[in-house]
Amino acid sequence: SKALRQAAGRLATMHALRHPPRVVLAGAPNAGKSTLINALAGRDVSIVNAMTGTTRDWVSSLTILRGVGVHLTDTAGIFDFALDDDPHGIDAESVARARARAMQAQLVVLLEPGKRPVVPGWLTGRNVLCVASQCDSAGCDASADACVSGVTGEGVGDLMDAMLDALGLAEIDPALPAAFTPRQAKLLVAGADALDAGDRPLA
């Protein structure tokens, strides 16, 4: 019965594999979001330029990390990222869209060059990784959840592992049986209950 219950318990993991979670890269302008998403995806997903404000709207790509699919989303830089008030100014719409994508994500990868970013109040309670970016030129804050460089690739593998761990998808063994639907999970539990009660024919 233990094996049946374990298979039923893997329903959430199977759901995540069938419906890839949304991961949003967020931070101030020129924090290295676009360069990093390209490094994670292994291809050019976002336009990279030193000019502030190159990314004006979010860009999403289905990407395979360690064999697991995730929707990676690059967002426009949030100028007043640490502020909790409503976005304003000429880039208000870009900032509003970036915030909206972050609020809808299963994980937010928050970037700041060289140091651990401060999580703003509007992201309180969300699943957030605080990442020191551009570590090839800006250094690395040891207190950050990861230190990365999208340019050199340094730390990108470690970030992938941290992302999957934060999503609860770090330990996936495709050889293990798993319920594919809620109905299957319910039947597996019912079978386990029957076995525990000694009713093998019902199981």
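The structure this text deals with has already been given above.
Residues numbered from 1 in each chain as written. Predicted model: local features only at pLDDT ≥ 70, side-chain atom pairs only at ≥ 80, totals over all residues. Heavy atoms only, no water.

Undergrad: Honestly, the overall build of the protein chain in this entry has me stumped. Any pointers?
TA: Each helix and strand in the protein chain was counted, giving seven helices and six strands. Secondary structure elements of the protein chain occur, N-terminal to C-terminal, as α-α-β-α-β-β-α-β-β-α-β-α-α. By the burial criterion, 39% of the 203 residues in the protein chain qualify as buried. Partitioning the contacts of the protein chain with sequence separation of at least 6, the portion at a separation of at least 24 is 53%. Accessible area for the protein chain stands at about 10600 Å²; split by element, carbon and sulfur atoms hold 54% of it. (Helix = DSSP H or I, 4+ residues; strand = E, 2+ residues; numbered from the N terminus. Buried < 20%, exposed > 50% of the residue type's maximum accessible area, 1.4 Å probe, protein only. Contact = heavy atoms within 4.5 Å. Areas by Shrake-Rupley, 256 points an atom, 1.4 Å probe, with all protein chains shown as cover.)

Undergrad: When you look at the packing of helix α3 (residues 33-41) against helix α6 (residues 156-166) in this model, what are you seeing that I'm missing?
TA: Here α3 crosses α6 at 80 degrees, and the two axes come no closer than 10 Å. In this view, α3 runs roughly perpendicular relative to α6, as classed from their interaxial angle. Across from L36, A39 and L40 in α3, the residues of α6 making contact are V156, L159, M160 and M163. For the contact of α3 with α6, a count of residues per class yields seven nonpolar, no polar and no charged. (Axes fitted to C-alpha atoms, helices over the stretch in contact; angles between N-to-C directions. Parallel < 35°, antiparallel > 145°, perpendicular 65-115°, else oblique. Nonpolar A, V, L, I, M, F, W, Y, C, P; charged D, E, K, R; others polar.)

Undergrad: Please clarify how the pattern of salt bridges should be interpreted in this entry.
TA: Opposite charge on two side chains permits pairing when their charged atoms draw close. Applying the stated criterion to the full structure yields five salt bridges. A salt bridge links K115 to E112, with the shortest nitrogen-to-oxygen separation between them at 3.4 Å. Relative accessible area serves as the criterion here: at 42%, K115 is assigned to the partly exposed category. Owing to a relative accessible area of 24%, E112 belongs among the partly exposed residues under this scheme. Notably, a salt bridge pairs D145 with R116, separated by 3.4 Å at the nearest N-O pair. Of this pair, D145 sits in the loop between α5 (135-138) and β6 (146-147) while R116 is found in the loop between β4 (107-113) and β5 (128-133), placing the two residues 29 residues apart along the sequence. (Salt bridge = Lys/Arg side-chain N within 4 Å of Asp/Glu carboxyl O.)

Undergrad: What should I look at first to understand the nonpolar core in this one?
TA: Where a protein is soluble and globular, its nonpolar side chains tend to be buried together. Core analysis: the largest hydrophobic core is formed by 25 residues, its most contacted members being V109, L159 and M163. Elements supplying a minimum of two residues to this core: β1 (22-27), α3, β3 (68-74), β4, β5 and α6. For this core, the element with the highest residue contribution is α6, accounting for five residues. With residues up to four places along the chain from it excluded, the contact list for V109 reads V23, V24, L25, A26, L129, V131, L159 and M163. (Core = buried A, V, L, I, M, F, W, Y, C linked by side-chain atoms within 4.5 Å.)

Undergrad: How do you make sense of α6 when you look at a structure like this?
TA: One turn of an α-helix holds 3.6 residues; hence residues three or four places apart share an orientation. Buried within α6 are the following residues: V156, L159, M160, M163 and L164. Down the axis of α6, the buried side of the element spans an arc of 135 degrees, and every buried residue falls inside it. Exposed residues pointing more than 90 degrees away from the buried face of α6 are listed as D158 and D165. Among the residues trailing α6, G168 stands out with phi positive, at a value near 75 degrees. (Arc of directions from axis to C-beta.)

Undergrad: In this structure, what is going on with the sheet that holds strand β2 (residues 59-65)? I would like to understand it.
TA: Backbone-to-backbone hydrogen bonds pair the strands of a sheet. The strands run either parallel or antiparallel. If you walk across this open sheet you meet the six strands as β2-β3-β1-β4-β5-β6, and the pairing is mixed. Of all strands in the sheet, those with a lone pairing partner are β2 and β6, marking the two edges. Judged from the five bridges that link them, β1 and β4 form a sheet pairing that is parallel. By the bridge assignment for β4, V23 is matched with L107. Packed on one face of the sheet, α6 meets β1, β2, β3, β4, β5 and β6 and runs near 170 degrees to β5. (Pairing = 2+ DSSP bridges.)

Undergrad: Help me out: how do you make sense of the packing of helix α1 (residues 2-9) against helix α7 (residues 182-196) in this one?
TA: A packed helix pair is summarised by two numbers, namely the angle formed by the two axes and the spacing between the axes. The contact between α1 and α7 brings their axes to 8 Å, and the two run at 160 degrees. What the angle tells us is that α1 and α7 run roughly antiparallel. The two elements α1 and α7 cross, and the hand of that crossing is left-handed. Only A185, L188, V189, G191, A192, D193, L195 and D196 of α7 make contact with α1, whose side of the interface consists of L4, R5, A7 and A8. Per-class residue counts for the contact of α1 with α7 are eight nonpolar, one polar and three charged. (Left-handed = near helix turned anticlockwise from the far one by under 90°.)

Undergrad: I'm lost on the environment of R5 in this one. Help?
TA: Here R5 is to be found in helix α1. When near neighbours in sequence (up to four residues on either side) are disregarded, R5 contacts V189, A192, D193 and D196.

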